[in-house]
Amino acid sequence: MASVLQNKLVTLCLLALLCFVSTAESTRKGASVPKPCRPNTANIKDFGAVGDGKTSNTAAFKKAVAELAKKGGGMLVIPPGKWLTGPFNLTSHFTLFLDKGAVILASTDMKDYPLIAPLKSYGRGRDEPGPRYSNFIFGSNLTDVVITGNNGTIDGQGQMWWDKYHADQLKYTRGYLFELMYSDNILVSNVTFVNSPSWNLHPVYCKNVIFSGVTVLAPTDSPNTDGIDPDSCTEVRIEDCYVVSGDDCIAIKSGWDEYGIAVAMPSQNISVRRLTCISPTSAVIALGSEMSGGIQNIRIEDVTAINSESGIRIKSGVGRGGFVKNIFLRDMKLYTIKWLFWMTSNYGQHPDDKFDPKALPEVTGINYSNVYAENATMVARLDGLQNDHYKGICISNVTAKMIPSDLPLWNCTNVEGVSNHVTPKPCDLLRDQGPSGKPCAFPTATLAIDKVPITQCPFKG
């Protein structure tokens, strides 16, 4: 009976399992491409789960994943209902499918969250020294992992964590809503994530990752609820996503001070496109501040933001080391914004007192073009270091409509670069190239991850 009901549910609800399709380049590079359809499918109710929002289903989720893992992977269907559970791990060759009306609720019992080791590129928890609380949905050393559905919801029920964080009642760092480590060929699509305790979506030390059609929602006053944070990852695509956040909508990272320098895993070959963001106290796109392993070759285009603090922000400081280079942004629209562009060199947070004060960040090859803003307070705040200028900055084809303010339109120190067709007039350190100036560069070559199409795959029971 359960099998018949499951097949009917999956068919009626337009089970469009989104999948990777092999490309010549990804195959040539040895990437394992997730299969379009899973041969093994199970419904969470088959394992005794109850979707009343009150019954704990932790054992059911763990058993379901374990049973599918024994079969070499499969798809776990979450039907309509509210499915309360503690944290659980994913497995390889696995799809978590949330049907319309399905809500996975994270437990608010702290006893359900064991302590786990800090990330080696951070050296400690991000909030507090030592270990960290378990992430809600987690996996390590996996391949071929999909979270998708008919826009079901994963709810971190973060209010308890935010309250304890603000009251300084947490001894350890909050976990993230979704984190995969050392994994590849990951797809997250057509799912809504809400109320994360801290960062929402955090792939770290991963490659070949796609976030497509994802919604991330958190109260704009919730602490550190970043939307999507690729961290020491290679080949990442973020597209058609909508993020409302209490912190950065997108934050690209690569480790913290001496720990990130030692691990030396850059975030690179990342594309962000067709993003909509609301972040009143933080950045639409942030690079850093944990950037000690390096960030390079980032393409950002077709971004819209409303009521946000900064359009794109580079965050670094003394002791970070690393680099931020070859950053390309074009076609951004900002409505009510404090800074269009912000570069910070004085980010002072450190994991401990062992950072190297001689480890200075290299920031170069920064290209921003085709940016339009309304209700802007400042065009840019660009602060390099006195003995470590930010170089190779290009800003072109920018129009900002300003609100009355006592703040300067531009504030530039220790930066070097050029500009053209920018209104209001840029600071002198960004030399105006005049009417004959060329637009800032944007690569024409396509990233390997951008060649991977996403297609619908009808379920066959």
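Residues numbered from 1 in each chain as written. Predicted model: local features only at pLDDT ≥ 70, side-chain atom pairs only at ≥ 80, totals over all residues. Heavy atoms only, no water.

Labelled according to an unreviewed UniProt entry, the protein chain appears under the name Pectin lyase-like superfamily protein, originating from Rhynchospora pubera. Recorded in UniProt for the protein chain, the comment headed Sequence similarities (unreviewed entry) runs: "Belongs to the glycosyl hydrolase 28 family." (UniProt positions renumbered as here; feature names shortened; annotations may be inferred.)

Novice: Would you take a moment to explain the sheet that holds strand β14 (residues 178-181) for this structure?
Specialist: Adjacent strands of a sheet form backbone hydrogen bonds with each other and so pair up, either parallel or antiparallel. Sheet architecture is open: 4 strands sit in the order β6-β11-β14-β17, paired in parallel fashion. Edge positions in the sheet fall to β6 (88-89) and β17 (201-204), since each of these pairs with one other strand and no more. By the bridge criterion, 4 bridges tie strand β11 (residues 137-140) to β14 in an arrangement that is parallel. Paired with Gly139 across the strands is Leu180, a residue of β14. (Pairing = 2+ DSSP bridges. Helix = DSSP H or I, 4+ residues; strand = E, 2+ residues; numbered from the N terminus.)

Novice: Is there a simple way to think about the packing of aromatic side chains in this case?
Specialist: Here a ring pair, both rings aromatic, is described through the centre-centre distance and the interplanar angle of the planes. By the definition in use, this model includes 13 aromatic pairs. Consider the rings of Phe88 and Phe136, whose centres lie 5.8 Å apart with planes at 80°: the pair is edge-to-face. Of the two residues, Phe88 sits in strand β6 while Phe136 sits in the loop between β10 (132-133) and β11, which places them 48 residues apart along the sequence. For the residue pair Phe88 and Phe136, the accessibility class agrees, reading buried in each case. Ring centres of Trp339 and Trp342 lie 4.0 Å apart, and the angle between their planes is 40°; on these two criteria the pair is classed as tilted. Note on Trp339: relative accessible area 5%, which makes it buried. Site record: aromatic cluster; members linked through ring pairs are Tyr113, Tyr133, Trp161 and Tyr172. One Lys or Arg, Arg126, reaches over the ring of Trp256 and ends 4.0 Å from the middle of that ring. The cationic tip of Arg174 hangs over the ring face of Tyr165; the distance from NZ or CZ to the ring centre is 3.9 Å. (Phe/Tyr/Trp six-rings, centres within 6.5 Å; stacked < 30°, edge-to-face > 60°. Buried < 20%, exposed > 50% of the residue type's maximum accessible area, 1.4 Å probe, protein only. Lys NZ or Arg CZ within 6 Å of the ring centre and 35° of its normal.)

Novice: Would you mind going over the pattern of salt bridges with me for this structure?
Specialist: Opposite charge on two side chains permits pairing when their charged atoms draw close. The final tally for this structure, using the stated rule, is 16 salt bridges. Between Lys70 and Glu67 there is a salt bridge, with its nearest N and O atoms 3.5 Å apart. A residue pair is termed a helical-turn pair when its members lie 3 or 4 positions apart in one helix, as Lys70 and Glu67 do in helix α3 (residues 58-70) at 3 residues. With its nearest N and O atoms 3.0 Å apart, the salt bridge here joins Glu301 to Arg330. Pair noted here: Glu301 is in strand β24 (residues 295-315) and Arg330 is in strand β25 (residues 323-344), with a separation of 29 residues, a long-range link. (Salt bridge = Lys/Arg side-chain N within 4 Å of Asp/Glu carboxyl O.)

Novice: For this particular structure, what's the right way to read the nonpolar core?
Specialist: The nonpolar side chains of a soluble globular protein tend to be buried, and buried together. Counting 96 residues, the largest nonpolar core has Leu340 and Phe341 as its most contacted members. Discounting chain neighbours no more than four positions away, the residues touching Leu340 are Ser310, Gly311, Ile312, Leu334, Val371, Ala373, Ala376, Met378, Val379, Val398 and Ala400. Of all hydrophobic cores here, the second largest spans 9 residues; its members include Phe138, Tyr176, Trp199 and Tyr205. (Core = buried A, V, L, I, M, F, W, Y, C linked by side-chain atoms within 4.5 Å. Contact = heavy atoms within 4.5 Å.)

Novice: How do you make sense of the confidence of the model for the protein chain when you look at a structure like this?
Specialist: Where the model shows low pLDDT, its predicted coordinates should not be examined in detail. With 90% of its residues at a pLDDT of 70 or more, the protein chain shows a mean pLDDT of 92. By mean pLDDT, the top-scoring element of the protein chain is strand β13 (residues 153-155) (99), and the lowest-scoring one is helix α1 (residues 2-12) (37). Note on residues 1-33: pLDDT is under 50 here. Beyond four places in sequence and across chains, it has 82 contacts. (pLDDT = per-residue confidence, 0-100.)

Novice: Quick question: what am I supposed to make of the environment of Ile116 here?
Specialist: As for its placement among the helices and strands, Ile116 is situated in strand β9 (residues 115-116). Judged by its relative accessible area of 23%, Ile116 is partly exposed. When the C-alpha atoms of Ile116 and Ala400 are compared, they prove to be 46 Å apart, with 284 residues separating the residues in sequence.

Novice: Explain the state of the cysteines here, please?
Specialist: The bond known as a disulfide is covalent and runs between the sulfur atoms of two cysteines. A full pass over the atoms with the stated rule returns 3 disulfides. What pairs with Cys249 in a disulfide is Cys277, and their sulfur atoms sit 2.0 Å apart. Handedness here is read from the sign of the S-S torsion; for Cys249 and Cys277, about 75°, the answer is right-handed. A residue pair is termed long-range when its members are at least 10 positions apart, and Cys249 in the loop between β20 (234-244) and β21 (250-252) and Cys277 in strand β22 (residues 267-278) qualify at 28 residues. (Disulfide = S-S within 2.5 Å.)

Novice: What's the story with helix α4 (residues 159-166) in this structure? I'm lost.
Specialist: Along an α-helix, residues three or four positions apart point the same way, because every turn accommodates 3.6 residues. Residues Met160, Trp161 and Trp162 constitute the buried set of α4. If you follow the buried residues of α4, they end up packed against β10. Trailing α4 by a residue or two, Asp168 shows a phi angle of about 55°, which is positive.

Novice: Looking at this structure, I do not really get the environment of Ile285. What am I missing?
Specialist: Inspection of the secondary structure assignment puts Ile285 in strand β23 (residues 283-287). Between the C-alpha atom of Ile285 and that of Trp410, which follows or precedes it by 125 residues, the distance is 20 Å. Once you skip the residues sitting within four places of it in the chain, Ile285 turns out to touch Ile250, Val272, Leu275, Ile300, Gly311, Ile312, Arg313 and Met332.

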